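A structural walkthrough
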Amino acid sequence: ETGVTQTPRHLVMGMTNKKSLKCEQHLGHNAMYWYKQSAKKPLELMFVYSLEERVENNSVPSRFSPECPNSSHLFLHLHTLQPEDSALYLCASSQEYRYNEKLFFGSGTQLSVL
Amino acid sequence: AQSVAQPEDQVNVAEGNPLTVKCTYSVSGNPYLFWYVQYPNRGLQFLLKYITGDNLVKGSYGFEAEFNKSQTSFHLKKPSALVSDSALYFCAVRDNTGNQFYFGTGTSLTVIP
């Protein structure tokens, strides 16, 4: 285990549903990330939090809403998603945000939007 | 702009044979290069990194990678493949501001018994 736990592992939702993905890291890291992984595409960085402040927001649609209540927890709130949002959503953490040399990833949430 | 290219979607190799997974990069300034592996139903795991120093970097599970500045490449290698090496491999470069990782599209490695 990498010390980064994501729940749920799988999620199926309709386009009108509201759901949340949860990530928890037990490593004492200061930075946390949300990535989107789609087949045959590079990992897409969605959001970055450093010391609970959002530092990156890479043009992600507003139907994705992140929340970082403390340095150990990260949420991704989902609402009115589209079928093309179906993907594996990975949470990661690192010791620091700047000049970090290693990302630690969770196992991901496989999301299917019907 | 920073980017990484993994030209092969799929690499097949027989067990016991040497394996190579290719990666080329484009980056401003000095490159910081990484390899990650993803086993089925798991997140990405760090394998190795090149920051500076010796061009041949050794990492986990017997893997190594060779940094070639003139060819802007960072190919992943292993002298003798195991069936358990079958996984998805990602090359990544960190930009020169030190903040963001740029990942390739991944290469699926299958080691055939």
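Now for a quick tour of the structure. Only a predicted model underlies this, so the values are computations on that prediction, with no experimental measurement involved.

**What about the interface of chain B and chain A?**
Facing the 23 residues of chain B at the interface are 23 residues of chain A. A combined buried area of about 2,000 Å² lies between chain B and chain A, and 50% of that area is made up of carbon and sulfur atoms. Three residues stand out in chain B for area buried against chain A, namely L44(B), N99(B) and F103(B), and they jointly supply 25% of the buried area on that side. Seen at the junction of chain B and chain A, the total is four residue pairs in polar contact (both at pLDDT 80 or more). Of all elements in the fold, only β5 (32-38), β6 (44-50), β10 (87-94) and β11 (101-103) of chain B reach the threshold of two or more residues within the side of chain B that touches chain A.

**Observations concerning the nonpolar core**
Among the nonpolar cores identified, the biggest contains 28 residues, and W35(B), L47(B), L48(B), F74(B), L76(B) and Y89(B) are the most heavily contacted of them. Those elements that provide at least two residues to this core are β2 (10-14), β3 (19-21), β5, β6, β8 (64-68), β9 (73-78), β10 and β12 (107-112) of chain B. The dominant element in this core, judged by the number of residues it contributes, is β10(B), at four residues. Filtering out sequence-adjacent residues up to four positions away, L76(B) remains in contact with L19(B), T20(B), V21(B), W35(B), L47(B), L48(B), F63(B), E64(B), A65(B) and Y89(B). Formed by 22 residues, the second largest nonpolar core is a distinct cluster that contains V4(A), L11(A), C68(A) and L78(A).

**A look at the layout of surface pockets**
As a volume, the largest pocket reaches approximately 440 Å³. Q37(A), L88(A), Q110(A), Q38(B) and L88(B) are the residues nearest the centre of the largest pocket, which is lined by 25 residues in total. Elements with a contribution of two residues or more to the lining of the largest pocket: β9 (87-94) of chain A together with β10 and β12 of chain B. No other element matches β10(B), which puts three residues into the lining of the largest pocket. Classifying every residue of the lining of the largest pocket by side-chain character gives eight nonpolar, 12 polar and five charged.

Conventions we followed
- Residues numbered from 1 in each chain as written.
- Chains lettered and ligands numbered in written order.
- Predicted model: local features only at pLDDT ≥ 70, side-chain atom pairs only at ≥ 80, totals over all residues.
- Heavy atoms only, no water.
- Contact = heavy atoms within 4.5 Å.
- Buried area = accessible area lost by both parts, 1.4 Å probe.
- Polar contact = N/O pair within 3.5 Å; in protein donor to acceptor, adjacent residues only side chain to side chain.
- Helix = DSSP H or I, 4+ residues; strand = E, 2+ residues; numbered from the N terminus.
- Core = buried A, V, L, I, M, F, W, Y, C linked by side-chain atoms within 4.5 Å.
- Buried < 20%, exposed > 50% of the residue type's maximum accessible area, 1.4 Å probe, protein only.
- 1 Å grid on protein atoms, 1.4 Å probe; cavity = no way out; pocket = protein on both sides within 12 Å on 5 of 7 lines; lining within 4 Å.
- Points joined across faces, edges and corners; volume = space filled by probe spheres on them.
- Nonpolar A, V, L, I, M, F, W, Y, C, P; charged D, E, K, R; others polar.

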